[in-house]
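Topology and contacts: notes
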Amino acid sequence: MNDLHAAFAAPAREALPRLTPAERRLVEAELREMASRGPGTGRILDGLREVAARVPERLYADSAEVLLRMHEIAGSGNLQSNLSSLALVRACFAHGLVDDGGPGADGAGEGPAELVVGRGHIAPAFYAEHYVRGTLPFAPLATLHQGGLTGVVHRDLGFRTTMRYSLGVGVAQAVSLAWELARGGSDRKVVCLAGDGELHEGAAFEALRFAHDAGLTNLLLVVDANGKGIEPLAKPLNTGYLAAYLGTLAEVDGCDDGAVETALGELLARPGPAALVCRTRKGDHSFKPAGAAPPAPGRPVSFASTAGRMLGAHRERTGSELAVFTPDMAARFGLGGHVPYTNTGLAETLTVGMTLSLPDHVTKVVATDAMYYMDSLSMLTEATTSVRNLLVLAGRSWGAWGGAHNATNLLGLLLHTRVYEPVTAAEFQACLDRLVRDPATAHVVSMIDAAFEPPARDCSADIDGGVWLTPPGDGPDAADATVVTFGYAGVLVEAANRDVGLPHLHCAALTPRLDPATLDVLTRSRRILSVEYNGAGSGFGERLRARHLLPVEVHAVRRDIATRVHRNQLPLHGMSPGPLRERLARLLENREGSGHAPAYA
C-alpha cells in the first residue's frame, strides 16, 4: 500500500516558503489531489503518475532547469553529477529503457533492454526528465532529501535496483542480471549506467572480468567519463581494459544529446557486449546555491572537516610519521593543507590495502566514508590482525546509519579493534594518544559530519571511561534516574537536559570501561536511559545492559536506512531538543516494576 499524501505532504508543505508563487499553487493542487485519492495498493510511482495526469500543468520544459530548482529548494545535493549524466538519462528515455509504468513491480521485461543505474546519485535526473515528460508531479520534486523523495535510485520509484551504500555495486548487479538472462537462454541486453570514478571500485573490475570470462554477450556498459569523483581523478579513464573485456568500445561527446542517443541506439541494435564512453563535464561536487553567503566567522563547522587540522597538530606535537589514504574523501575530513594524503579514488579495499606493508612506526590513517568501509571488510580483517598503528576515520553525513553504528556491528567484531566517537578536539587527540600507547589495536574513530558546539567537559582525561556532564548529587536517591550517552548524542542530550537536570554521563568509547565510583552511581539508579545517535542493534546501550546488568532503556535511531538531511534526521528519531527533553522528563516518572526496564524506550 502507498499513501502519497502521507509520504509527501509534510515535506512538501515544509518546502512551500522556498517555492515560487506558481510552484506553491501547483504543489497545493497536487497535494489536494493526493489527499482525495486516499491510500493506494500499487507502486508509489504509479500513484504519482496518476496525480501528474490529473494535474497536468507543467511549469518547466527543460529537465536541467528542473534539476536546478530541485537542488535550490533542497539546499543541497549533487547537481553537477546529475547534469553530467543528463544526456545519458535523456537517451535512456528516448530508447524506452526507463520504466514506463507497465506491469511488474519494477518494469522488468518492458522496453528493448534492462536498465541498471549503478551511478546511484543521478536519480534526480530521472525524476526531472519524468516531470518534463508529464509522468511525475512537481510536489515530490520539492521534497528531495527532505524526507519525501530519495536522492538515490530506489525500486519504489521506477528503478530496477535500490542503491544501499556502495558505489560500484551497480556494475555487479548488471553483470548478475546479464548472467541470469543468458543462463535462461535469453539474449536480452542489460544496460548499466556507471561513472568513471565508480569504475575504480574493485567490485567493478571483478564484475567486468567475470562477464568476459563467462562469455556474456548481452552487457552494454555506459560510462559517464567526467574525470572527477569528488576530487579530480588522477588520470583519465583507461578505456583499454574496457575494450579488452567488452570487445566493442565507442566514445562520444556526452554533452551532446543527439550524439549520445544515436550511439546508444546503435549499440543496442548491435549484437555482442560493448562499452559506450560518454565524455562529459562536472563542476563542484556539492551544490551551493547561487549567492549563498559564506559561513559567518566563528560559526561551528562540521566536526569531521576538522580532522585534517587535528591530525596535523598531532604530527607536530609528537613528531609521528603519518601515511594518510582516502577514497576521494579528503574534503570531508579537511585534509588539504594540513597533512599529506594519497587519494585512492573510491577504491575502498585498496585504501585499506595500502596500509599493509608500511613500517610499524608509521601511523596509518584510513579516512573513509562510514559506509564504504563495508566494501573492504576482508581487507580490514587482514589489517586489524597484522598492521600496527592503524587509525580508521569513519565519516558520516547523517545519524541514521554508518559511523559508530556500523563500526559496532562490523568493525567492533574484528580482532584488536576499539571504536570511539569523539566530539571535541581533546577527545580526538586522546584517541590518537591511545593508539600510540596501544599500536597493536586498530582504532576506529567515528567522525560526525555535523556542526555543533562541543560540550563543556569531555572524556579526554580517560578516553575509555566516562565523564559526568551533569554530576549526580549527594545522598542515596541523588541518582534515582540517570542518562548515559555515547559520542554525538552527548551533545544533543546536554542541550535538552539543561531544564531537566538529570545526572548525565558522557562516553566517547563504544565499549566504555567505567570506574567503580561511576558504576556504583549507575547500579543505584532505578532507571537508566541510554541515548545513542547511531542505531541500537548491538550498540552502546545494549552493551551496558548486558555487561553490567544495569536497567538500561535505549533511545536510539530506529529507521536505520532513512536518508534525510541532518536537520530532519534529529526530529525523525526523537533527537531534537524538544522530544529529547520530554523523553528525559519521563524518566523521572514513577513506574511499577522498576528494575525491569524495557530494552527500547
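In what follows, the structure referred to is the one given above.
The following refers to the structure shown. (Residues numbered from 1 in each chain as written. Predicted model: local features only at pLDDT ≥ 70, side-chain atom pairs only at ≥ 80, totals over all residues. Heavy atoms only, no water.)

**Digging into the nonpolar core**
Which entries qualify depends on this criterion: Side-chain atoms within 4.5 Å link the members of a nonpolar core, which is a set of buried Ala, Val, Leu, Ile, Met, Phe, Trp, Tyr and Cys residues. Working definition: with a 1.4 Å probe on protein chains only, accessible area under 20% of the residue-type maximum means buried, over 50% means exposed, and in between means partly exposed. Put simply, DSSP marks the helices as runs of H or I at least four residues long and the strands as runs of E at least two long, and each gets a number from the N terminus on. Here a residue-residue contact requires only that any non-hydrogen atoms of the pair lie within 4.5 Å.
Counting residues in hydrophobic clusters, the biggest one holds 68 residues, and the most contacted among them are Met70, Leu115, Phe126, Tyr127, Phe138, Leu141 and Val222. Considering each element in turn, this core owes the most residues, seven residues, to helix H6 (residues 86-94). What Val222 contacts, discounting residues up to four positions off in sequence, is Leu88, Val191, Cys192, Leu193, Ala194, Leu264, Leu276 and Cys278. Counting residues in hydrophobic clusters, the runner-up holds 52 residues, among them Val445, Ala481, Leu502 and Leu584.

**What to know about the pattern of salt bridges**
A pair can form between side chains of opposite charge whenever their charged atoms are brought close. For the record, the criterion: Basic side-chain nitrogens of Lys or Arg form a salt bridge, by our definition, when they fall within 4 Å of a carboxyl oxygen of Asp or Glu.
Counting across every chain of the model gives 28 salt bridges. Between Glu33 and Arg54 there is a salt bridge; the shortest N-O distance is 3.0 Å. One end of the pair, Glu33, is in helix H2 (residues 21-37); the other, Arg54, is in helix H3 (residues 44-54), with 21 residues separating them in the sequence. As a salt-bridge pair, Asp62 and Arg90 come within 3.0 Å of each other at their nearest N and O atoms. Of the two residues, Asp62 sits in the loop between H3 and helix H4 (63-74) while Arg90 sits in helix H6, which places them 28 residues apart along the sequence.

**Side note on the packing of helix H18 (residues 488-496) against helix H22 (residues 577-586)**
Heads up, the rule is: Angular values range over 0 to 180 degrees, each being the angle between N-to-C directions of two axes fitted as lines to C-alpha atoms, with helices fitted over their stretch in contact. Here roughly perpendicular refers to angles of 65 to 115 degrees, roughly parallel to angles under 35, roughly antiparallel to angles over 145, and oblique to all remaining angles.
Following both chains from N to C, one finds H18 and H22 inclined at 75 degrees, their axes separated by 8 Å at the closest point. Comparing the axis directions of H18 and H22 gives the class roughly perpendicular. Listed contacts from H22 to Leu492, Val493, Ala495 and Ala496 of H18 are Pro577, Leu580, Arg581 and Leu584.

**Remarks on the packing of aromatic side chains**
Test applied: Any two of the Phe, Tyr and Trp rings considered here, Trp counted by its six-membered ring, make a pair once their centres fall within 6.5 Å; the pair's planes then place it as stacked at under 30 degrees, edge-to-face at over 60, or tilted in between. Two thresholds decide whether a charge sits over a ring: the Lys NZ or Arg CZ must be within 6 Å of the ring centre and within 35 degrees of the ring normal.
Applying the stated criterion across every chain, the model contains eleven aromatic pairs. Centroid distance Tyr60 to Phe138: 6.2 Å. Interplanar angle 35 degrees. Geometry classified as tilted. In this pair, Tyr60 is assigned in the loop between H3 and H4 and Phe138 in the loop between helix H7 (123-132) and helix H8 (169-183), connecting sequence segments 78 residues apart. Residue Tyr60 shares its accessibility class with Phe138, and that shared class is buried. The interplanar angle of 40 degrees and the centroid separation of 6.1 Å between the aromatic rings of Phe93 and Phe126 together place this pair among those described as tilted. Of this pair, Phe93 sits in helix H6 while Phe126 sits in helix H7, and the two are 33 residues apart along the sequence. Residue classification places Phe126 among the buried residues on the basis of a relative accessible area of 2%. Ring-pair connections join several aromatic residues into one group, and the members of that group are Phe93, Phe126, Tyr127 and Phe159. Looking at Arg58, its charged tip hangs above the ring of Tyr131, at a distance of 4.2 Å from the centre.

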